Amino acid sequence: DGGITQSPKYLFRKEGQNVTLSCEQNLNHDAMYWYRQDPGQGLRLIYYSQIVNDFQKGDIAEGYSVSREKKESFPLTVTSAQKNPTAFYLCASSRAGSNTDTQYFGPGTRLTVL
Amino acid sequence: AQSVTQLDSHVSVSEGTPVLLRCNYSSSYSPSLFWYVQHPNKGLQLLLKYTSAATLVKGINGFEAEFKKSETSFHLTKPSAHMSDAAEYFCVVSDVPRGSASKIIFGSGTRLSIRP
């Protein structure tokens, strides 16, 4: 099956701890994205990557970090600097970074910071 | 500057009646427009997209949307609602010419409820 996987589905962490969310795709897509979703709001872009070893900040990158060492993987680290990390995190990929490309989404990871 | 506004945060219709979810956008270029659907605690699934071809776009599950440049609208419709249509719907605008980094903006979402 082709698609995007995110793990874990639910994640609980203590305040002040860094945590890494996994995102893997086997669609052979060049571009990958991380979004944050809060209740009653649309998705907000955290980081995106159009090719391996390159990534760009989105609208709310503060307190987050990413890497893109492999085409199929784009992990997101939520650092202790993120003031309000509890949210639903969605990873997506697209064939390239063109504005006409469809984004395909993973099932999401719900992060709760205690 | 680009933006997208979903005019209703919640829409409730009876099963079997038409659905209308409204979306207005602004864009400095020739935008691509998308509608995605999200069921609770799930990722988003593409319903349909407009990319400067036919202005009436047909999608999955009987949904369609019409791109109206003069009204800067991209409303989503379905002739007859089904209980399984209950979900959150997002209108998305994306512009910047091909070959450049695209800018993607999500609307705040419309929650669709279906009454039996």
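Residues numbered from 1 in each chain as written. Chains lettered and ligands numbered in written order. Predicted model: local features only at pLDDT ≥ 70, side-chain atom pairs only at ≥ 80, totals over all residues. Heavy atoms only, no water.

J.: Sorry, what's going on with unusual backbone geometry here?
T.: Note: most peptide bonds trans; most residues except glycine with negative phi. With an omega of -10 degrees, the peptide bond running from serine 7 of chain A to proline 8 of chain A counts as cis. Inspection of the secondary structure assignment puts proline 8 of chain A in the loop between strand 1 (4-7) and strand 2 (10-13). Of note, asparagine 61 of chain B is a non-glycine position whose phi angle comes to about 60 degrees, a positive value. Backbone geometry at threonine 72 of chain B places phi at a positive 45 degrees, although glycine is not the residue there. Among the secondary structure elements, threonine 72 of chain B is positioned in the loop between strand 8 (64-68) and strand 9 (73-78). Taking the relative accessible area as the measure of exposure, threonine 72 of chain B reaches 33% and is therefore partly exposed. (Helix = DSSP H or I, 4+ residues; strand = E, 2+ residues; numbered from the N terminus. Buried < 20%, exposed > 50% of the residue type's maximum accessible area, 1.4 Å probe, protein only.)

J.: I tried to follow the state of the cysteines on my own but got confused; where do I start?
T.: Between two cysteines, a covalent bond joining their sulfur atoms is known as a disulfide. Residues and elements named next belong to chain A. The final tally for this structure, using the stated rule, is 2 disulfides over all chains. What pairs with cysteine 23 in a disulfide is cysteine 91, and their sulfur atoms sit 1.9 Å apart. Disulfide cysteine 23 to cysteine 91: torsion about the S-S bond roughly -75 degrees, handedness left-handed. Highlighted residues: cysteine 23 in strand 3 (residues 19-25) and cysteine 91 in strand 9 (residues 87-94), separated in sequence by 68 residues. For cysteine 23, a relative accessible area of 1% puts it in the buried group. Since its relative accessible area comes to 0%, cysteine 91 is described here as buried. (Disulfide = S-S within 2.5 Å.)

J.: I tried to follow the pattern of salt bridges on my own but got confused; where do I start?
T.: If the charged atoms of two oppositely charged side chains come close together, the side chains can form a pair. Per the stated rule, a full pass over the model turns up 7 salt bridges over all chains. A salt bridge links arginine 22 of chain B to aspartate 8 of chain B, with the shortest nitrogen-to-oxygen separation between them at 3.0 Å. You can see arginine 22 of chain B sitting in the loop between strand 3 (19-21) and strand 4 (23-26) and its partner aspartate 8 of chain B sitting in the loop between strand 1 (3-6) and strand 2 (10-14), a full 14 residues away along the chain. By relative accessible area, aspartate 8 of chain B is classed as buried at 18%. One network of salt bridges, in which partners are shared, links Arg36, Asp38 and Arg44 of chain A. (Salt bridge = Lys/Arg side-chain N within 4 Å of Asp/Glu carboxyl O.)

These figures come from the coordinates and say nothing about function on their own.
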